[in-house]
Amino acid sequence: MRTKSAVKLSLVLVAIIILGYVALFGLQIGLYEIVPLGNEVRQGLDLRGGLYVVYEAQTEPGDPEADRQIDGAMRVMRNRLDGANQHEATIARQGERRIVVEIPGVDDPAELADILAEPAVLEFIGPEGDVIITGRDVSVAEPGFGDAQRAVVNFELHPEGAQKFADATTRYVGQAIRIVLDGVTISEPQVRDAILGGRGFIDGMENMEAATRLANLIESGALPVNLTQLETRTIGATLGANALEMGLLSGIVGIAIVLVFMLLFYRLPGLVANIGLIVYLLITMVIIVASQVTLTLPGIGGLILSVGMAVDANVIIFERIREELRLGKTIRVSVDTGFSKALSAILDGNVTTLIAAIVLYYYGTGPIQGFAITLIIGIGASMFTALIFTKFVMKNLINLNIYSNRLYGV
Amino acid sequence: MKIDFAGKYKLWILISAVFILAGVLLIPIRGLNLGVDFAGGSFMYINVGQPYDVEELRDLVADKGIIATVAYAGVNNEDAVLRIRHMEGLDEKLDELKAAIQEKYGLEPGQFSVDTVGPVIGRELTMNAIWALIIASGLILVYIWFRFEFRSAVVAVLALVHDVMIMVATVSLLNIQINSPFVAVMLTIVGYSINDTIVVFDRIRENNKRFGRKMSKAEIVNKSTAETLTRSINTALTTLIVVVALYVFGVEAVREFAMPLMVGIIGGAYSSIFIAAPLWAVWDERSKKPRAETAA
């Protein structure tokens, strides 16, 4: 039994070392490559920098059209983001009337937030105040250069719009047509000849950038509903990277001190708990990566806090084992009773903490949810390591016949 | 070491009550230091990355007609924190301010973080926080009632209310700015502290089964608390170690929640040992007294 236990323990130890190494540095076997876990973690905006905006749609309560309008608005926003080359951005519905947009790593976040909320209702208005065509009639809009190398937006119309435009320009030769965006006249060209081909351009652009912006707005279409910005958060990329670095540093220092404390106070079981803690960290990281959870700054806080809680389960067990040892029981019996007596306390304690974490997830938004998620994962992983991993190692250690109360800190 | 945990319950409650009252009574006088998440407005964090004069920055802010408090931040005072009151046309003014600061100190856009929160969000956040606390406490009460008994459940939830009050009192007394992470911290402490209380109650449940006939409830509480004391201290200590590390090395946003977390951990450990368990014994003995008198 002694050799068998020694073999089992060595195998587990070797497995942990290999897994830990792969998790930290990755592995490449032939064509297959395992990337280090750290590279695979999805980082929240507060760590990588970016823009987080909450918009509220100005719909009437109980309006049956509201759902369709908000979905439409989200599609338009997606078009605009794609037009601005922000393919990584996410757009999500929150509650009844809200839309949350998250865009990682942007240079000018405020500008982008404004573009997204712009109604972009484009109208061509005749001299008699009649609407000739709108943004809906436009099929293609792109920036280009007009006379004297000035920036313009070239557009093409759908056949129906082209017909309306041809009729109007025939009628208004020599007169001015106003091009109005969201109530502001952006250009007022004179009609020199009837425009029959369904093509034209809008001049009066400040520069090429403004032309590109307008072209994107026209092509993406108008928002079916007005949006207001309730909440905007922009995180500078430098600041995000700094937060991540400091978070990792505090995690490493905190965990290192806990490892030393456990070893000094609980001796051999402390060593077992420390190995358990490393297993716990591995499990938590694997779950976070596998379930694509976004790691936020409060999330790192939750993770570090759950380290403290993971240690707690071990502390409860070891205190029990010590008590049993003091009563003069053998180590084998003490470990068995220690685990079975500690079980109810660990279970009840973790279930109640889980209740709080789930409520937090349900009521929280954004980064707070990230915190709740890492806490939930942490609680699950810590129960597993304390009740299954630590128990397995302790039992096999006893089989090695290491009988000395001093090793158990008694 | 023998401490009369159950007998001196009035003293333990008095200590907490003084602290909580001092903090809570200060709220109507000074008010809580609400951050932009609750109060609305803007928060700007700038990594200046070089020694600078905060007065110059204040002048820049005043030039743009922005009402804000400006303070040094970061390890070597090379960062700046601006807390900006909400006003009409703030967005444009902030853009101008950002441009001016970028030019003056030669900064990149990546060195700025700006949060702008409308007043609606703050109200919702407060309501959500209150609901979350009530629902979490209710569910925990039901669970403990189911696993232990009604009296333990009520006392445990009272201890939770105590912990939340301690944290509110602390941010009030120290004038710590609170934002949405504070809500997360309160719920975390609720979850953490109940864990503490349950370990003590678990031992009371066990000792009550074995010695319930021979010993008084106060004796059982004293015995159980003493037996779990090392564990209570060690757990609070290991958790405190990691949170202190968070506070010492963390950035501003992390420190904001690490501080109340530290207080909550200490308060939670205190309430499990000195509030929850003694109250359980007192309640039990009180409920028996009238019967004892009529018998005599």
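Calculation criteria
Residues numbered from 1 in each chain as written. Chains lettered and ligands numbered in written order. Predicted model: local features only at pLDDT ≥ 70, side-chain atom pairs only at ≥ 80, totals over all residues. Helix = DSSP H or I, 4+ residues; strand = E, 2+ residues; numbered from the N terminus. Rg over C-alpha atoms; globule rule 2.2 N^0.38 Å. Buried ≥ 20, exposed ≤ 12 C-beta atoms within 10 Å, placed from the backbone. Contact = placed C-beta atoms within 7 Å. Nonpolar A, V, L, I, M, F, W, Y, C, P; charged D, E, K, R; others polar. Pairing = 2+ DSSP bridges. Domains from an automatic or database assignment. Expected span 1.5 Å × (residues − 1). Axes fitted to C-alpha atoms, helices over the stretch in contact; angles between N-to-C directions. Core = buried A, V, L, I, M, F, W, Y, C linked by C-beta atoms within 7 Å. Parallel < 35°, antiparallel > 145°, perpendicular 65-115°, else oblique. Left-handed = near helix turned anticlockwise from the far one by under 90°.

Looking now at the overall build of chain B. A tally of helices and strands in chain B yields nine helices and four strands. Ordered by position from the N terminus, the helices and strands of chain B form the series α-α-β-α-β-β-α-β-α-α-α-α-α. A globule of 296 residues ought to have a C-alpha radius of gyration of about 19 Å, yet chain B, at 24 Å, is considerably larger. A principal-axis box enclosing the C-alpha atoms of chain B has dimensions of 85 × 35 × 30 Å. Scored against the burial criterion, the 296 residues of chain B give a buried share of 46%. Taking all contacts inside chain B whose residues are at least 6 apart in sequence as the whole, residues at least 24 apart take part in 78%.

Across the boundary between the two partners, chain B contributes 57 residues, which contact 56 residues of chain A. Sorting the residues of the side of chain B that touches chain A by element identifies β1 (41-47), α4 (90-105), β4 (112-117), α5 (119-147), α7 (180-211), α8 (217-249) and α9 (252-295) of chain B as the ones contributing at least two each. In terms of residue count, α7(B) provides more of the side of chain B that touches chain A than any other element does, 14 residues in total. A per-class count over the side of chain B that touches chain A returns 34 nonpolar, 17 polar and six charged.

Residues and elements named next belong to chain B. Of the strand pairs in this sheet, strand β2 (residues 68-73) and strand β3 (residues 79-84) are connected by six bridges, and their pairing is antiparallel. Counted as the bridge partner of Val70 is Leu82 from β3. The loop that links β2 with its antiparallel partner β3 comprises five residues; one of these, Gly74, has a positive phi angle of about 85 degrees.

So, about the domain arrangement of chain B. Residue and element names in this part refer to chain B. When its domains are assigned, chain B resolves into domain 1 (9-35 + 120-290) and domain 2 (41-117). A separation of 38 Å is found between the C-alpha centroids of domain 1 and domain 2. Each side of the interface is counted separately: domain 1 has four residues, and domain 2 has five residues. Of the residues in the side of domain 1 that touches domain 2, the class split is one nonpolar, two polar and one charged.

For chain A, the assigned domains read domain 1 (2-42 + 236-408), domain 2 (43-118 + 224-233) and domain 3 (122-220). Look at where the C-alpha atoms of domain 1 of chain A and domain 3 of chain A centre, and you get two points 64 Å apart.

What follows concerns helix α6 (residues 150-173) of chain B. With 24 residues, α6(B) extends 34 Å from end C-alpha to end C-alpha; this agrees with the ideal 34 Å at 1.5 Å per step. Downstream of α6(B) by one or two residues, B:Asn175 has phi in the positive range, about 55 degrees.

Let us now look at the sheet that holds β2(B). Across the sheet, eight strands lie side by side as β5(A)-β6(A)-β4(A)-β14(A)-β4(B)-β1(B)-β3(B)-β2(B); this open sheet has antiparallel pairing. Two strands in the sheet have a free side with no partner beyond their single neighbour: β5 (90-94) of chain A together with β2 of chain B. Taken pair by pair, the neighbouring strands of this sheet meet at an average axis angle of 15 degrees, ignoring direction. Pairing of β5(A) with strand β6 (residues 98-104) of chain A involves five bridges; the strand directions are antiparallel. Bridge pairing in β6(A) places A:Thr90 opposite A:Glu102. Contacting β2 and β3 of chain B, helix α3 (residues 54-63) of chain B runs over the sheet at an angle of about 155 degrees to β2(B).

Ranked by internal contacts, the top residues of the largest apolar core, which has 195 residues, are A:Val153, A:Leu360, B:Leu187 and B:Val242. For this core, the element with the highest residue contribution is α9(B), accounting for 18 residues. Those residues in contact with B:Val242 that sit more than four places away from it in its chain are A:Gly254, A:Ile255, A:Val258, A:Ile304, A:Leu305, A:Val307 and A:Gly308.

Moving on to the packing of α5(B) against α7(B). Residues and elements named next belong to chain B. Look at α5 against α7: their axes get within 10 Å of each other, and the N-to-C directions meet at 10 degrees. Taken together, α5 and α7 sit at an angle that is classed as roughly parallel. Along its contact with α5, which presents Leu125, Ala129, Ala132, Leu133, Ala136 and Ile140, the element α7 presents Ser180, Val183, Met186, Leu187, Val190 and Ile194. Of the residues contributing to the contact of α5 with α7, the split by class is 11 nonpolar, one polar and no charged.

Looking now at the environment of A:Gly174. Residues and elements named next belong to chain A. Along the polypeptide, Gly174 turns up in the loop between α6 (159-171) and β11 (178-181). For Gly174, a count of 9 C-beta atoms within 10 Å translates into the label exposed. C-alpha of Gly174 to C-alpha of Gly38: the two residues are 136 residues apart in sequence and 67 Å apart in space.

Moving on, we come to the packing of helix α10 (residues 331-363) of chain A against α5(B). The geometry of a pair of packed helices is captured by two quantities: the angle between their axes and the separation between those axes. Where α10(A) contacts α5(B), the axes come no closer than 9 Å and their chain directions differ by 155 degrees. On the basis of the axis angle, α10(A) is roughly antiparallel to α5(B). Where α10(A) crosses over α5(B), the two elements pack in a sense that is right-handed. Together, A:Asp348, A:Val351, A:Thr352, A:Ile355, A:Ala356, A:Val359, A:Leu360 and A:Tyr363 of α10(A) and B:Asn128, B:Trp131, B:Ala132, B:Ile135, B:Ala136, B:Leu139, B:Ile140, B:Tyr143 and B:Arg147 of α5(B) make up the contact between the two elements. Taken together, the residues that form the contact of α10(A) with α5(B) break down as 13 nonpolar, two polar and two charged.

Here we come to the sheet that holds strand β12 (residues 184-187) of chain A. Residues and elements named next belong to chain A. Across the sheet, four strands lie side by side as β8-β7-β11-β12; this open sheet has antiparallel pairing. The open sheet is flanked by β8 (131-134) and β12, the only strands paired with a single partner. Neighbour-to-neighbour, the strand axes of this sheet turn through a mean angle of 35 degrees, independent of strand direction. As paired strands, strand β7 (residues 122-125) and β11 are joined by four bridges and run antiparallel to one another. Within the sheet, the bridge partner assigned to Glu123 lies in β11 and is Val180.

What follows concerns the environment of A:Phe25. Residue and element names in this part refer to chain A. Secondary-structure assignment places Phe25 in helix α1 (residues 2-25). On the neighbour-count criterion, Phe25 (12 C-beta atoms within 10 Å) is exposed. With 61 residues separating them in the primary sequence, Phe25 and Gln86 have C-alpha atoms 31 Å apart.

Residues and elements named next belong to chain B. Of all seven residues in β1, seven are buried; the element is thus mostly enclosed. Residues Gly41, Phe43, Tyr45 and Asn47 of β1 are buried on one face, and the alternating residues Ser42, Met44 and Ile46, pointing to the opposite face, are buried as well. The pairing of β1 with β4 spans six bridges and is antiparallel. Bridging across to β4, Ile46 finds its partner in Phe112. Where β1 meets β3, six bridges bridge the pair, whose relative direction is antiparallel. By the bridge assignment, Asn47 is partnered in β3 with Asp79.

Negative phi is the rule for most residues except glycine; trans is the rule for most peptide bonds. Residues and elements named next belong to chain A. The phi torsion at Ala120 lies on the positive side, around 60 degrees, for a residue other than glycine. Relative to the helices and strands, Ala120 resides in the loop between α5 (109-117) and β7. On the neighbour-count criterion, Ala120 (20 C-beta atoms within 10 Å) is buried. We note that Asp182 has phi near 50 degrees; this positive angle belongs to a residue other than glycine. Within the secondary structure layout, Asp182 lies in the loop between β11 and β12. Judged by the 14 C-beta atoms lying within 10 Å of it, Asp182 is partly exposed.

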